[in-house]
Amino acid sequence: MDYKNEYKSKLKTAEEAALLVKSGDWIDYSVGTIFPTLCDEAISKRRDELFDVKVRGNLLYGPTKTAECDPTHEH
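Residues numbered from 1 in each chain as written. Predicted model: local features only at pLDDT ≥ 70, side-chain atom pairs only at ≥ 80, totals over all residues. Heavy atoms only, no water.

**Digging into the nonpolar core**
Phase 1: Ala14, Ala18, Val21, Ile27, Tyr29, Phe35, Ala42, Ile43, Leu50 and Val53 form the largest nonpolar core, which has 10 residues in total.
Phase 2: For this core, the elements supplying multiple residues, two or more each, are α2 (14-18), β1 (26-31) and α3 (37-44).
Phase 3: Discounting residues that sit within four places of it in the chain, Ala14 has contacts with Leu38, Cys39 and Ala42. (Core = buried A, V, L, I, M, F, W, Y, C linked by side-chain atoms within 4.5 Å. Buried < 20%, exposed > 50% of the residue type's maximum accessible area, 1.4 Å probe, protein only. Helix = DSSP H or I, 4+ residues; strand = E, 2+ residues; numbered from the N terminus. Contact = heavy atoms within 4.5 Å.)

**Digging into the environment of Glu74**
Phase 1: With respect to the helices and strands, the residue Glu74 is situated in the segment after α4 (65-68).
Phase 2: By relative accessible area, which is 52% here, Glu74 ends up exposed.

**Some words on the pattern of salt bridges**
Phase 1: A complete count under the given rule lists eight salt bridges for this structure.
Phase 2: A salt bridge links Lys22 to Asp25; the nearest nitrogen and oxygen atoms lie 3.8 Å apart.
Phase 3: The exposure class assigned to Asp25 is partly exposed, which follows from its relative accessible area of 21%.
Phase 4: The partner of Arg47 in a salt bridge is Asp48, and the shortest N-O contact between them spans 3.1 Å. (Salt bridge = Lys/Arg side-chain N within 4 Å of Asp/Glu carboxyl O.)

**Here's the deal with the packing of aromatic side chains**
Phase 1: Tallied over the entire structure, the rule returns one aromatic pair.
Phase 2: Where Tyr29 meets Phe35, the ring centres are 5.1 Å apart and the plane angle is 85 degrees; that geometry is what we call edge-to-face.
Phase 3: Relative accessible area serves as the criterion here: at 3%, Tyr29 is assigned to the buried category. (Phe/Tyr/Trp six-rings, centres within 6.5 Å; stacked < 30°, edge-to-face > 60°.)

**Looking at the side chain of Arg46**
Phase 1: Relative to the helices and strands, Arg46 resides in the loop between α3 and β2 (54-58).
Phase 2: For Arg46, a relative accessible area of 12% corresponds to the buried category.
Phase 3: Sequence-distant contacts of Arg46, that is, excluding residues within four places in its chain, are made with Ala18, Leu19 and Val21.

**Thoughts on unusual backbone geometry**
Phase 1: Positive phi, close to 60 degrees, is recorded for Asp52, a residue that is not glycine.
Phase 2: Counting through the fold element by element, Asp52 comes out in the loop between α3 and β2.
Phase 3: For Asp52, a relative accessible area of 49% translates into the label partly exposed.
Phase 4: Its identity is not glycine, yet His73 carries a phi of approximately 60 degrees, on the positive side.
Phase 5: Among the secondary structure elements, His73 is positioned in the segment after α4.

Structure follows, in structure tokens:
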């Protein structure tokens, strides 16, 4: 098995990854300094089409656009 090519075939842009998120999903941003800034921004741009998406993380540094883009928590 060629692991390098398999790995390359699974790589996605932040925008492509954000398209995989569905209403009702949980998103886990993990812990600390490995915050997915680009994915967070791409998901926040889909605010009006997603509902009941729950985001969790531990020791998140800086602002979280997915939370800030929806201050009423409607989405």
